[in-house]
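Below, each chain spelled out in residue letters.
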Amino acid sequence: NEPSFLKDKKILTVYYSHGNNTEHIAKVLHSIVGGDIQKINVVDKYPKNIFKFNSLVRKQIEENYIPEIDKIDFTNYDIIFVGSPIWLGNVSLPVRSFFKNNNFDNKTVISFLSYSSVAKKEDVKQSIEKLIKENSENVKVLTPMLTFKGGIVLVNKQIENWLNSLGEKEEK
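Residues numbered from 1 in each chain as written. Predicted model: local features only at pLDDT ≥ 70, side-chain atom pairs only at ≥ 80, totals over all residues. Heavy atoms only, no water.

## Quick look at the overall build of the chain
A count of helices and strands for the chain gives five helices and six strands. Reading the helices (α) and strands (β) of the chain from amino to carboxyl end gives β-α-β-α-β-β-α-β-α-β-α. In terms of principal-axis extent, the alpha carbons of the chain reach across some 45 × 35 × 25 Å. Out of the 172 residues belonging to the chain, those deemed buried represent 44%. A total accessible area of about 9400 Å² is found for the chain, and carbon and sulfur atoms account for 46% of it. For the chain, the separation between the mean place of its 24 positive charges and that of its 21 negative charges on side chains is 5 Å. (Helix = DSSP H or I, 4+ residues; strand = E, 2+ residues; numbered from the N terminus. Buried < 20%, exposed > 50% of the residue type's maximum accessible area, 1.4 Å probe, protein only. Areas by Shrake-Rupley, 256 points an atom, 1.4 Å probe, with all protein chains shown as cover. Lys, Arg positive; Asp, Glu negative; His and termini not counted. Charge placed at Lys NZ, Arg CZ, Asp CG, Glu CD.)

## Here's the deal with the nonpolar core
Most often, soluble globular proteins have nonpolar side chains that are buried together. By size, the foremost hydrophobic cluster in this structure holds 31 residues, and its most contacted members are Ile40, Tyr46, Phe98, Phe99 and Phe104. Taken together, the elements giving at least two residues each to this core come down to strand 1 (11-15), helix 2 (50-62), strand 3 (79-87), helix 3 (93-100), strand 5 (108-115) and helix 4 (121-133). Not counting the four nearest positions on each side in its chain, Ile40 is found in contact with Val14, Tyr15, Tyr16, Ile69, Ile72, Pro94, Val95 and Phe98. Core analysis: the second largest hydrophobic core is formed by 20 residues, Val28, Met145, Trp162 and Leu163 among them. (Core = buried A, V, L, I, M, F, W, Y, C linked by side-chain atoms within 4.5 Å. Contact = heavy atoms within 4.5 Å.)

## Observations concerning the pairing of strand 2 (residues 36-39)
The pairing of strand 1 with strand 2 spans four bridges and is parallel. Each bridged residue has a counterpart across the sheet, and for Leu12 the counterpart in strand 2 is Asp36. What joins strand 1 to strand 2 is helix 1 (residues 21-33), and the crossover it makes is right-handed. (Pairing = 2+ DSSP bridges. Right-handed = clockwise from strand over helix to strand, strands pointing away.)

## What about the packing of aromatic side chains?
Counted by the stated rule, this structure contains 10 aromatic pairs. Relative to Phe99, the ring of Phe98 lies with its centre 6.0 Å away and its plane at 50 degrees, an arrangement referred to as tilted. Both rings, one in Phe98 and one in Phe104, keep their centres 5.6 Å apart while their planes meet at 65 degrees; by these two values the pair is edge-to-face. Phe104 gets classed as buried once you look at its relative accessible area, which sits at 0%. Every member of this aromatic cluster is reached through a ring pair, and the members are Tyr16, Tyr46, Phe53 and Trp87. (Phe/Tyr/Trp six-rings, centres within 6.5 Å; stacked < 30°, edge-to-face > 60°.)

## A closer look at the pattern of salt bridges
A full pass over the atoms with the stated rule returns four salt bridges. A salt bridge links Glu134 to Lys100; its shortest N-O distance comes to 2.7 Å. Taken together, the residues span a long stretch of sequence, with Glu134 in the loop between helix 4 and strand 6 (140-148) and Lys100 in helix 3 at a distance of 34 residues. (Salt bridge = Lys/Arg side-chain N within 4 Å of Asp/Glu carboxyl O.)

Take it as geometry only, folks, not as evidence of what the structure does.
As structure tokens, then:
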């Protein structure tokens, strides 16, 4: 029961997941919207140890580091769903790299984000829209979905409600 704004569109779901939360959301979303799905792969992998990971990410965020990622070709798609965990109140660095190194002109970009600690939702929404539009003048950015780690079991219903709300906005 897909919203009408998705009909007859070529859809790509792209995501980065360090744990499994964002990957789970991406797979559920993909099962609903169809199209293709691709994981963002980082050339230099992040450590699994949470203490080493947090220390490295904090340093990289402070230095505005942009990690090298594998190229993803999305030229043949109309709508790109982009999933990211929130790291220290920011979009993950691999997804930041994806946005900074690509132009999304004539595309619709829709983000879905997972977080496990306090995140200022409006700040995150504004920063991701700014990031997407940084290299693209003619891109349509729709409202992102934010999912708390603990709500992962209810994600199917949340995705359906979110997609329906996006569809209602598009039809107005």
